[in-house]
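Given next are the chains, with one letter for each unit.
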Amino acid sequence: MFYGLVGYSVPLLLAATYQEVASDALREAIRHHELQLGDPAALRASQEARVREVIAASWLPDTWARPCAGYAGSYLRVAGAEWSVCLRHDAPRSILPPLALFDWEIPSLPEEIRGEASIRIR
């Protein structure tokens, strides 16, 4: 009973944490006023560095935070006016191995736990 309770609580708490970290990182990437100024490549590098700093400052271990598919090895994606930050853990079973009872796995974990935040900037 205890393992089931913990087994279903931990993935929910992790999903909420990943979502919060992604939102905080996106806010940090867009909050500075130099968005309109300067070299676009240097600006992009500065924004990606801010996103990485927010993720590194979170309580998530480095091995638990990976960029999502479709983000080209970065946590930040800018596609026109839409900005997104996404991070994920690709092996939740390594955090909490499921217990097999009568062909049931407790807890039934997703393939990945991810948090993604997006905003459209005019």
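Now for a quick tour of the structure. Source: prediction; values computed, not measured.

Cut-offs and rules
Residues numbered from 1 in each chain as written. Predicted model: local features only at pLDDT ≥ 70, side-chain atom pairs only at ≥ 80, totals over all residues. Heavy atoms only, no water. Salt bridge = Lys/Arg side-chain N within 4 Å of Asp/Glu carboxyl O. Helix = DSSP H or I, 4+ residues; strand = E, 2+ residues; numbered from the N terminus. Disulfide = S-S within 2.5 Å. Phe/Tyr/Trp six-rings, centres within 6.5 Å; stacked < 30°, edge-to-face > 60°. Lys NZ or Arg CZ within 6 Å of the ring centre and 35° of its normal. Buried < 20%, exposed > 50% of the residue type's maximum accessible area, 1.4 Å probe, protein only. Contact = heavy atoms within 4.5 Å. Core = buried A, V, L, I, M, F, W, Y, C linked by side-chain atoms within 4.5 Å.

## Remarks on the pattern of salt bridges
- One pass over the full model with this rule turns up eight salt bridges.
- Arg27 is paired through a salt bridge with Asp24; the nearest N and O atoms lie 2.4 Å apart. With Arg27 and Asp24 both in helix H1 (residues 2-30) and three residues apart, this pair spans about one turn of that helix.
- Several salt bridges converge on common partners, so that one network encompasses Arg77, Arg88, Glu112, Arg114 and Glu116.

## So, the state of the cysteines
- Applying the stated criterion to the full structure yields one disulfide.
- The disulfide partner of Cys68 is Cys86, and the S-S distance across this bridge is 2.0 Å. Taking the sign of the torsion about the S-S bond as the criterion, the disulfide between Cys68 and Cys86, at about -65°, is left-handed. Here Cys68, found in the loop between strand S1 (66-67) and strand S2 (76-79), pairs with Cys86, found in strand S3 (residues 82-89); they are 18 residues apart in sequence, far enough to count as distant.

## A word on the packing of aromatic side chains
- A full pass over the atoms with the stated rule returns one aromatic pair.
- Centre to centre, the rings of Trp59 and Trp64 are 6.3 Å apart; their planes meet at 75°, and the pair counts as edge-to-face.
- Over the ring of Tyr71 we find Arg77; its NZ or CZ atom is 4.3 Å from the centre of that ring.

## Topic: the environment of Ala25
- With respect to the helices and strands, the residue Ala25 is situated in helix H1.
- By relative accessible area, which is 0% here, Ala25 ends up buried.
- Not counting residues up to four positions away in its chain, the partners in contact with Ala25 are Val51, Val54 and Val85.

## Looking at the nonpolar core
- Counting 18 residues, the largest nonpolar core has Val51, Ile55, Tyr75, Val85 and Leu87 as the members making the most contacts within it.
- Breaking this core down by element, the ones donating at least two residues are H1, helix H2 (40-57), S3 and strand S6 (113-120).
- The element that contributes the greatest number of residues to this core is H1, accounting for seven residues.
- What Leu87 contacts, discounting residues up to four positions off in sequence, is Tyr18, Val21, Ala22, Ile55, Leu60, Ala65, Arg66, Cys68, Tyr75, Ile113, Arg114 and Gly115.

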